[in-house]
Amino acid sequence: MDGDAVLSPRSTRRLLDHVGRRDDAARRAAVTLLGRLTARERDVAIATGHGLTNVEIGTRLYMSAATVKQHLGAVQHKLGVRNRVGVAVLAERAGLLGEPGVR
């Protein structure tokens, strides 16, 4: 009536199903990648996803900033990402940032 495009309920459902499948696929891929990490690397990845600095991560996880830096380098290598942002994106996609624990 206003000249806007309208999607039928059937088309809307198909679109939402398609987007949902893409999200599920991205989540599964992120979970698979993060499964390559050791428990300590996973802790560092989660803390990185929460935006903590190396010093803050070290304080919370009882390790030196240098050790955090080593773990973070291993995490980036194993995940195939270039920086902390890539780590954070994968941690979010995998649903790790909603977990209780390191913040």
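Now for a description of the structure that goes with this document. Only a predicted model underlies this, so the values are computations on that prediction, with no experimental measurement involved. (Residues numbered from 1 in each chain as written. Predicted model: local features only at pLDDT ≥ 70, side-chain atom pairs only at ≥ 80, totals over all residues. Heavy atoms only, no water.)

## Concerning the packing of helix H4 (residues 65–79) against helix H5 (residues 84–93)
Point 1. Interhelical geometry of H4 versus H5 gives an angle of 65 degrees and a closest axis separation of 10 Å. Classified by the angle between their axes, H4 and H5 sit roughly perpendicular to one another. The two elements H4 and H5 cross, and the hand of that crossing is left-handed. Here H4 contributes Leu 72, Val 75, Gln 76 and Leu 79 to the contact with H5, which in turn contributes Arg 84, Val 87 and Leu 90.
Point 2. When the residues that make up the contact of H4 with H5 are grouped by side-chain class, the tally is 5 nonpolar, 1 polar and 1 charged. (Axes fitted to C-alpha atoms, helices over the stretch in contact; angles between N-to-C directions. Helix = DSSP H or I, 4+ residues; strand = E, 2+ residues; numbered from the N terminus. Parallel < 35°, antiparallel > 145°, perpendicular 65-115°, else oblique. Left-handed = near helix turned anticlockwise from the far one by under 90°. Contact = heavy atoms within 4.5 Å. Nonpolar A, V, L, I, M, F, W, Y, C, P; charged D, E, K, R; others polar.)

## Focus: the pattern of salt bridges
Point 1. Counted by the stated rule, this structure contains 2 salt bridges.
Point 2. Asp 43 serves as the salt-bridge partner of Arg 40, at 3.5 Å between the closest nitrogen and oxygen. One end of the pair is Arg 40 and the other is Asp 43, both in helix H2 (residues 39–49) and 3 residues apart, which spans about a single turn.
Point 3. The partly exposed category is assigned to Asp 43, whose relative accessible area is 25%.
Point 4. Note that Glu 41 and Lys 78 form a salt bridge whose closest N and O atoms lie 2.8 Å from each other. On the criterion of sequence distance, the pair formed by Glu 41 in helix H2 and Lys 78 in helix H4 is long-range, its members being 37 residues apart. (Salt bridge = Lys/Arg side-chain N within 4 Å of Asp/Glu carboxyl O. Buried < 20%, exposed > 50% of the residue type's maximum accessible area, 1.4 Å probe, protein only.)

Bear in mind that shape data such as this cannot, by itself, settle questions of function.
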